[in-house]
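Read off the chains here:
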Amino acid sequence: RMIFVQMEALTGWPAKDEWDFEFLGTSNHPFIKANYPHHEGIWGWGGVADQSIMMIRNIRRSMVEYHDILWDIGYAKTWEDASLNLQNLYSEAPPIEDFWAWRDMRVMEECHWYGWFIDYW
């Protein structure tokens, strides 16, 4: 959100979050906050998103937030399964023990994907 707010302040143009498309439909916003490409996501912009500004967050914070979202959707593996739990997103914090177990199991894979994301851009 930091760049989202800064771009609006610097240009006077509104920014949009990728989640807004579900509710507001397609529109022509010059800035769209997104978390993609993500190895578990779908790139839906085709060739029209040809410029980017990337803010690289600390991986320790990113892993906690990513885990929290996975926990909220029951560690779903498919969009269909995840969509059944969307009402749980950001509703409560998972137990820290759940994060520790997930982190210990996934840390090397998540470091790989974090580097992949940076290399992509």
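Residues numbered from 1 in each chain as written. Predicted model: local features only at pLDDT ≥ 70, side-chain atom pairs only at ≥ 80, totals over all residues. Heavy atoms only, no water.

**What about the overall build of the protein chain?**
Under the convention used in this document: For the purposes of this entry, the term helix denotes a DSSP run of H or I that reaches at least four residues, the term strand denotes a run of E that reaches at least two, and both are numbered from the N terminus. Using a 1.4 Å probe on the protein chains alone, a residue whose accessible area is under 20% of its type maximum counts as buried, one over 50% counts as exposed, and one in between counts as partly exposed. The contact criterion used is simple: two residues touch if any of their non-hydrogen atoms lie within 4.5 Å. Residue burial considers only the protein chains on display, and all accessible areas are found by Shrake-Rupley using a 1.4 Å probe.
Scanning the protein chain for helices and strands turns up five helices and two strands. Counting from the amino terminus, the protein chain carries its helices and strands in the arrangement α-β-α-β-α-α-α. For the protein chain, with 121 residues in total, the buried portion stands at 17%. In the protein chain, 49% of the contacts between residues at least 6 apart in sequence involve partners at least 24 apart. Per element, the accessible surface of the protein chain, about 9100 Å² overall, is 59% carbon and sulfur.

**Examining the nonpolar core**
Convention followed: For the purposes of this section, nonpolar cores are sets of buried Ala, Val, Leu, Ile, Met, Phe, Trp, Tyr and Cys residues that join through side-chain atoms within 4.5 Å.
Met-63, Tyr-66, Leu-70, Phe-99 and Trp-102 form the largest nonpolar core, which has five residues in total. Breaking this core down by element, the ones donating at least two residues are helix H3 (59-72) and helix H5 (96-120). Among the elements that line this core, the one with the most residues is H3, at three residues.

**So, the pattern of salt bridges**
The cut-off we apply is this: In what follows, salt bridge is the name for a side-chain nitrogen of Lys or Arg lying within 4 Å of a carboxyl oxygen of Asp or Glu.
One pass over the structure, following the stated rule, counts four salt bridges. The closest approach of N and O atoms between Arg-103 and Asp-104, which form a salt bridge, is 3.0 Å. Owing to a relative accessible area of 30%, Arg-103 belongs among the partly exposed residues under this scheme. On the basis of relative accessible area, Asp-104 is assigned to the exposed category, the value being 55%. With a shortest N-O distance of 3.3 Å, Arg-106 and Glu-109 are connected by a salt bridge. One end of the pair, Arg-106, and the other, Glu-109, are both in helix H5, three residues apart, so they sit about a helical turn from each other. The network of salt bridges with common partners includes Arg-106, Glu-109 and Glu-110.

**Observations concerning a nonpolar patch on the surface**
Defined as follows: Residues forming no salt bridge and having over 30% relative accessible area are the ones grouped into patches, like charges within 9 Å of each other and nonpolar side chains (Val, Leu, Ile, Met, Phe, Trp, Tyr) within 5 Å.
There is a patch of nonpolar side chains on the surface, built from Met-54, Ile-56, Tyr-120 and Trp-121 and spanning about 380 Å² of accessible area. With respect to the secondary-structure elements, Trp-121 resides in the segment after H5.

**Remarks on the side chain of Glu-110**
Assignment of secondary structure puts Glu-110 in helix H5. Since its relative accessible area comes to 6%, Glu-110 is described here as buried. Dropping the residues within four chain positions of it, Glu-110 is found in contact with Ile-59, Met-63, Tyr-66 and Trp-102.

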